[in-house]
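Architecture at a glance
Here is how the chains run, residue by residue.
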Amino acid sequence: MELSDSFVWALEGHDISGIKVLCEESVRDDASQYFMTDFSNGWKEALLKVEQEYGNYEPADVPVGIRKKDYGFFISVDALDIRHSGGYYNAEYSFRALDKALKNMKEAYPQVEYEGYIGCILSDPKSGEAYQWEVSSGREVKVYDFVGEVLGSIFAEELYVPEEPLDAEDVNFAVTGKLKFFENREEISEYIEDLGGNITGSISRKTNYLINNDLNAATSKNAKAKELGIPVISETEFITMFGDPGEFDLEQSEFWEAFAEELECNEDFDGSIQVLYAYSDWIKKADLDRAVRAILHIAREYDEEVQEELVELVKQLESGE
């Protein structure tokens, strides 16, 4: 998958690495524990080999973790490079340890299959592509794309904070659910009105945003907003988009800061949105929507006509056209 320049630049420094292990639930716990024990021992041996060869190494925790999945389990892989004297890195021994642990797991549990990528994430950002080393148990399967999983995890945790807040003048907001930054409904209503916005008690076609910290709540207001195509945003998103994040001790994330800067430079708004939808199978819908909204906000600051064109693109992608 060719990534837009914006995503490649913004993803620099994030590890897009991991192993998807396919197995039955009956062996999942045993197989994952077997792998972790084997690799942990191999990691210790790798550290000692680096010390023997280079004189020292910088202590580091075991760079893998296990997450249960419906297909079996996912092995998340952080940086495998081992830092040693002079600030240099060695990954040879740790890669060998990982490969050996995977093969030993497969030998101990023949029914297990695995596929994924390890190692370096991105090539020259100008190429717009992500490169990794593929690992597989040998079965003819489509390699799982971890870019989507990483994008999903980033969007689930990070928010875009515009340099200047969006204009809330005559924007209609509805609020539901528990609040985090405001004492009560009256306080957030006053805040919205001070920004020039309007607060409504129900959802209608005139509503521009529904503020709800539980984006996936099975409530009537969430359902109505979804039915009418009204964005459901969290309280944090509302503050970052329209208010003053500094007033609430909110900070712009490094990812979105890099993304916004690069996006404004190369104007690849439609390419970035298409990348998101290409990876939509691995991104939660709420996080996908939030990321798309962030791109639309950046585009709006650049050119409102461009934003309008992007809205039409999103409608096409949503409908599968």
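Residues numbered from 1 in each chain as written. Predicted model: local features only at pLDDT ≥ 70, side-chain atom pairs only at ≥ 80, totals over all residues. Heavy atoms only, no water.

**A short note on the pairing of strand β2 (residues 64-69)**
The condition is simple: Pairing between two strands requires that DSSP report at least two bridges joining them. Note on conventions: DSSP H or I runs of at least 4 residues are helices, E runs of at least 2 residues are strands, and numbering of each starts at the N terminus.
By the bridge criterion, six bridges tie β2 to strand β3 (residues 72-77) in an arrangement that is antiparallel. Paired with Lys69 across the strands is Gly72, a residue of β3. Turn length for the β2-β3 hairpin, with the two strands adjacent in sequence and antiparallel, is two residues.

**Quick word on the pattern of salt bridges**
Note the threshold: Any carboxyl oxygen of Asp or Glu within 4 Å of a side-chain nitrogen of Lys or Arg constitutes a salt bridge here.
Evaluated as defined, the whole model comprises eleven salt bridges. When the shortest N-O distance is used, the salt bridge between Arg83 and Glu58 registers 3.3 Å. Of this pair, Arg83 sits in strand β4 (residues 82-84) while Glu58 is found in the loop between α2 (25-54) and β2, placing the two residues 25 residues apart along the sequence.

**Brief notes about the sheet that holds strand β10 (residues 209-211)**
Within a sheet, each strand pairs with its neighbour through backbone hydrogen bonds, oriented either parallel or antiparallel. The condition is simple: In what follows, residue pairs with any heavy atoms lying within 4.5 Å of each other are defined as contacts. Where helices are involved, their axes are fitted lines through C-alpha atoms of the stretch in contact, as for all axes, and angles between N-to-C directions lie from 0 to 180°.
Spatially, β9-β8-β10-β11 is the arrangement adopted by the four strands of the open sheet, whose pairing is parallel. The outermost strands of the open sheet, each flanked by one partner alone, are β9 (198-200) and β11 (232-233). Relative to β9, strand β8 (residues 172-175) is paired through three bridges, and the arrangement is parallel. Bridging across to β9, Phe173 finds its partner in Ile199. Set on the sheet, helix α6 (residues 220-228) makes contact with β8, β10 and β11; between it and β10 the angle comes to about 155°.

**A short note on the packing of aromatic side chains**
Selection criterion: Think of it this way: a Phe, Tyr or Trp ring, Trp meaning its six-membered ring, pairs with another when their centres are within 6.5 Å, and the plane angle makes it stacked under 30 degrees, edge-to-face over 60, tilted otherwise. Three labels apply to residues, based on accessible area from a 1.4 Å probe with only protein chains included: buried if under 20% of the type maximum, exposed if over 50%, partly exposed otherwise in between. For a Lys NZ or an Arg CZ to count as sitting over a ring, it must be within 6 Å of the ring centre and within 35 degrees of the ring normal.
Scanning the entire structure with this criterion turns up 23 aromatic pairs. Ring geometry for Phe182 versus Phe248: centroids 5.3 Å apart, planes at 55°, classification tilted. Pair noted here: Phe182 is in the loop between β8 and α5 (185-194) and Phe248 is in the loop between α7 (235-242) and α8 (254-266), with a separation of 66 residues, a long-range link. Neither Phe182 nor Phe248 differs from the other in exposure class; each is buried. Through successive ring pairs, a cluster of aromatic residues spans Phe173, Phe181, Phe182, Tyr191, Tyr209, Phe238, Phe242 and Phe248. Over the ring of Tyr71 we find Lys20, and its NZ or CZ is 4.7 Å from the ring centre.

**What about the environment of Val62?**
Mapped onto the elements, Val62 comes out in the loop between α2 and β2. Considering only alpha carbons, one finds Val62 and Lys44, 18 residues apart in sequence, at a separation of 8.5 Å.

**Some remarks on a negative patch on the surface**
In plain terms, the rule: Patch membership requires over 30% relative accessible area and the absence of a salt bridge. Like charges are linked within 9 Å, and nonpolar side chains (Val, Leu, Ile, Met, Phe, Trp, Tyr) within 5 Å. The accessible surface values rely on the Shrake-Rupley method and a 1.4 Å probe; as for residues, cover is taken only from the protein chains in view. Only four residue types enter the tally: Lys and Arg on the positive side, Asp and Glu on the negative side, with His and both chain ends excluded. A single reference atom marks each charge: NZ on Lys, CZ on Arg, CG on Asp, CD on Glu.
Among the surface-exposed residues, Glu163, Glu164, Glu254, Glu257, Glu261, Glu264 and Glu301 lie close enough to one another that they form a single negatively charged patch. With four residues, α8 is the largest single contributor of residues to the negative patch. Position of Glu163 among the secondary structure elements: in the loop between α4 (146-157) and β8. Given a relative accessible area of 70%, Glu163 falls into the exposed group.

**Quick word on the nonpolar core**
Our working rule: Residues belong to one nonpolar core when they are buried, are Ala, Val, Leu, Ile, Met, Phe, Trp, Tyr or Cys, and are joined through side-chain atoms within 4.5 Å.
Counting residues in each nonpolar core, the largest one holds 34 residues, and the members touching the most others are Phe7, Phe155, Phe255, Phe259 and Leu276. No other element matches helix α10 (residues 285-302), which puts eight residues into this core. The next biggest cluster of nonpolar side chains, apart from the first, holds 28 residues, and it includes Val21, Val50, Val112 and Val135.

**Quick look at helix α3 (residues 92-108)**
How we decide: A helix is expected to span 1.5 Å multiplied by its residue count minus one.
Compared with an ideal rise of 1.5 Å per residue, which puts 17 residues at 24 Å, α3 spans 24 Å between its outermost C-alpha atoms and is within 8% of the ideal. Buried within α3 are the following residues: Tyr93, Ser94, Ala97, Leu98, Ala101, Leu102 and Met105.

**Structural notes on unusual backbone geometry**
Trans is the common state for peptide bonds, and a negative phi is the common state for residues other than glycine. Although it is not a glycine, Asp170 sits at a positive phi angle of roughly 65°. Position of Asp170 relative to the elements: it lies in the loop between α4 and β8. For Glu267, which is not a glycine, the phi torsion comes out positive at approximately 60°. Glu267 sits in the partly exposed class, given a relative accessible area of 41%.

**Comments concerning the packing of α10 against helix α11 (residues 304-319)**
Rule in force here: Any angle that falls under 35 degrees is termed roughly parallel, while one over 145 is termed roughly antiparallel, one within 65 to 115 roughly perpendicular, and all others oblique. Less than a right angle of anticlockwise turn of the near helix away from the far helix marks a crossing as left-handed, whereas a clockwise turn marks it as right-handed. Note on residue classes: Ala, Val, Leu, Ile, Met, Phe, Trp, Tyr, Cys and Pro are nonpolar, Asp, Glu, Lys and Arg are charged, and everything else, Gly too, is polar.
Running from N to C, α10 and α11 cross one another at 155°; their axes reach a closest spacing of 7 Å. For the element pair α10 / α11, the angle class is roughly antiparallel. Here α10 runs over α11; the crossing is right-handed. For the pair α10 and α11, contact is made by Lys285, Asp289, Val292, Leu296, Ala299, Arg300 and Tyr302 and by Glu304, Val306, Gln307, Leu310, Val311, Val314 and Glu318, respectively. Residues of the contact of α10 with α11, tallied by class, amount to eight nonpolar, one polar and five charged.

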